[in-house]
Amino acid sequence: MREIPPTAGLPLCWRDLLSLGHDFEADLATFLDAPLPQITCSGTAAEIITLRSFQNGSERRQVILPAYTCPLVALAVLHCGLTPVLCDLAPDHFDLDHERLAALCGPQTLAIVVTHLGGRVANLAPVLHIAARHGAYVIEDAAQALGARWRGQPVGLAGDAGFYSLAVGKGLTTFEGGVLLARDAALRHTLRMTAAAIAGPDRRWEWRRSLELLGYALLYRPVGLALAYGWPLRRALRRGRLIEAVGDDFSDAIPLHTLGRWRRSVGARALERLPAFLETLHAQATRRLNRLVQIDGLRVMQDADEAQGTWPFFMLLLPDQPTRDAALAQLWHSGLGVSRLYIHALPDYPYLANRLSETDTPHARDFAARMLTLSNSPWLGEAEFEQVCVILERTLTP
Ligand SMILES: *Cc1c(COP(=O)(O)O)cnc(C)c1O
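Attention in this report is confined to the structure presented alongside it.

Calculation rules
- Residues numbered from 1 in each chain as written.
- Predicted model: local features only at pLDDT ≥ 70, side-chain atom pairs only at ≥ 80, totals over all residues.
- Heavy atoms only, no water.
- Near = heavy atom within 4 Å.
- Polar contact = N/O pair within 3.5 Å; in protein donor to acceptor, adjacent residues only side chain to side chain.
- Helix = DSSP H or I, 4+ residues; strand = E, 2+ residues; numbered from the N terminus.
- Phe/Tyr/Trp six-rings, centres within 6.5 Å; stacked < 30°, edge-to-face > 60°.
- Buried < 20%, exposed > 50% of the residue type's maximum accessible area, 1.4 Å probe, protein only.
- Pairing = 2+ DSSP bridges.
- Contact = heavy atoms within 4.5 Å.
- Axes fitted to C-alpha atoms, helices over the stretch in contact; angles between N-to-C directions.
- Parallel < 35°, antiparallel > 145°, perpendicular 65-115°, else oblique.
- Left-handed = near helix turned anticlockwise from the far one by under 90°.
- Nonpolar A, V, L, I, M, F, W, Y, C, P; charged D, E, K, R; others polar.
- Salt bridge = Lys/Arg side-chain N within 4 Å of Asp/Glu carboxyl O.

All right, on to the site of the ligand then. Lining the immediate surroundings of the ligand are 16 residues, of which Gly 43, Thr 44, Asp 141, Ser 165 and Lys 170 lie closest. A distance of 2.6 Å separates an oxygen atom of the ligand from a polar side-chain atom of Ser 165. Listing elements by their share of the shell around the ligand, those giving two or more residues are α3 (43-55) and α4 (71-79).

Written out as structure tokens, the structure reads:
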């Protein structure tokens, strides 16, 4: 009974749990070599705090989002009473279609959200250029990319604001949590004022999250994951509940509160091991990429020039949906760390239907239909990795 997690999260040590009084924000500032970041209760909360701050004193109502991203990103926009406008992806890629973006952006655009999906760094230059032309803000969604860099600086600092997620499965975790960055000192002040106004302390949430973090410390290892992740996954798959299987079943109720002292301290202690962990993942990814790119018909998402992403998992694009589904039929329930990222393009989630503007997003739908993910967890051994590669090769050979 062993289960590889779908993403390479940083495991906790008992030592992490026995700490108090560490200054997580200061330690993150050192790790990132960036101005003091702001800790929030989730990545989604960081996005809401940012949008609320931008909204104040602006008549603009639209926020442009990639049509394939975490549904929470759209729910946060709706939470603020703003209109999510979807921008299609470039063909065969997670990045925005920049021509489409230029056409969508206008005097009504409050902000553009650009996403560093799965640790891969987005092509920021065209987005910054288009936003500047229309006076729109840029928010970098770096939820899955803590540690990634673009032109030598951490992602999240090129735009006006950027956020990382500290949720389970995103790397460093406080079970739920977020980190908010902004280059500009005046904006950083505004973000803190907004957070103080809309996200105060909440003891019930803090208790719940603290217990959940203890559970994570206990179970985040191959045997524990068979119970905590594998068992519910296979049950959801048997019932055909794919949105549940990947944990995309979100609702409009978004908790907004502070992140308590103990969990911050745990995060700070675990952060000490993050640089070495990211190094290990990078080295393993470099080796395994060499093998993956040799598989005929498989396209592997990689970084562009000037970018050093992180490697929680590989995003693999197959030639068509039937082939992708045939591969998943053999691999998804196998415990080998193969999964899907988000099940649908945003317009295809029942709970988002009719709440989004611009739903003609063929490339995003195509990406959702042809992509699968392969974990880069160090627990996935060489033999197991090879097993996955062979199954992919067989599936791709007509
Ligand atoms: C997880 C995620 C979010 C939301 O972060 P939470 O901390 O879970 O609220 C936003 N964007 C992307 C791309 C994500 O993966």
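Before going further, it helps to examine the packing of aromatic side chains. Taken as a whole, this structure holds 7 aromatic pairs when the rule is applied. Both rings, one in Tyr 68 and one in Tyr 342, keep their centres 5.5 Å apart while their planes meet at 55 degrees; by these two values the pair is tilted. Of the two residues, Tyr 68 sits in the loop between β2 (62-66) and α4 while Tyr 342 sits in the loop between β13 (338-339) and α14 (362-370), which places them 274 residues apart along the sequence. Comparing Tyr 68 with Tyr 342, the two get one shared label, buried.

As summarised here, the arrangement of the 4 strands in space is β10-β12-β14-β13, forming an open sheet in which the pairing is antiparallel. Each edge of the sheet is formed by a strand with only one pairing partner; in this case those strands are β10 (299-300) and β13. Relative to strand β12 (residues 313-317), β10 is paired through 2 bridges, and the arrangement is antiparallel. Bridged to Val 300 within β12 is Leu 316. The strands touched by helix α12 (residues 274-292) are β10, β12 and β14 (371-375); relative to β12, the strand with the most contacts, the crossing angle is about 15 degrees.

Next up on the list: the packing of α3 against helix α7 (residues 185-198). It is at 9 Å that the axes of α3 and α7 come closest, and there the two elements cross at 110 degrees. Comparing their axes, α7 and α3 come out roughly perpendicular. Here the hand of the crossing between α3 and α7 comes out right-handed. For the pair α3 and α7, the contacting residues are Ile 48, Ile 49, Thr 50, Arg 52, Ser 53 and Phe 54 in the first and Leu 187, Thr 190, Leu 191, Thr 194, Ala 195 and Ile 198 in the second. Split by residue class, the contact of α3 with α7 holds 7 nonpolar, 4 polar and 1 charged.

Pairing between side chains of opposite charge can happen when their charged atoms approach one another. If you walk through the whole model with that rule in mind, you get 23 salt bridges. For the salt bridge of Glu 244 with Arg 241, the shortest nitrogen-to-oxygen distance reads 3.8 Å. Note on Glu 244: relative accessible area 41%, which makes it partly exposed. As a salt-bridge pair, Asp 366 and Arg 370 come within 2.5 Å of each other at their nearest N and O atoms. Taken together, the residues Asp 366 and Arg 370, both in helix α14 and 4 residues apart, mark about one turn of the helix. Relative accessible area serves as the criterion here: at 12%, Arg 370 is assigned to the buried category. Connected via shared salt-bridge partners are Arg 15, Arg 269 and Glu 272.

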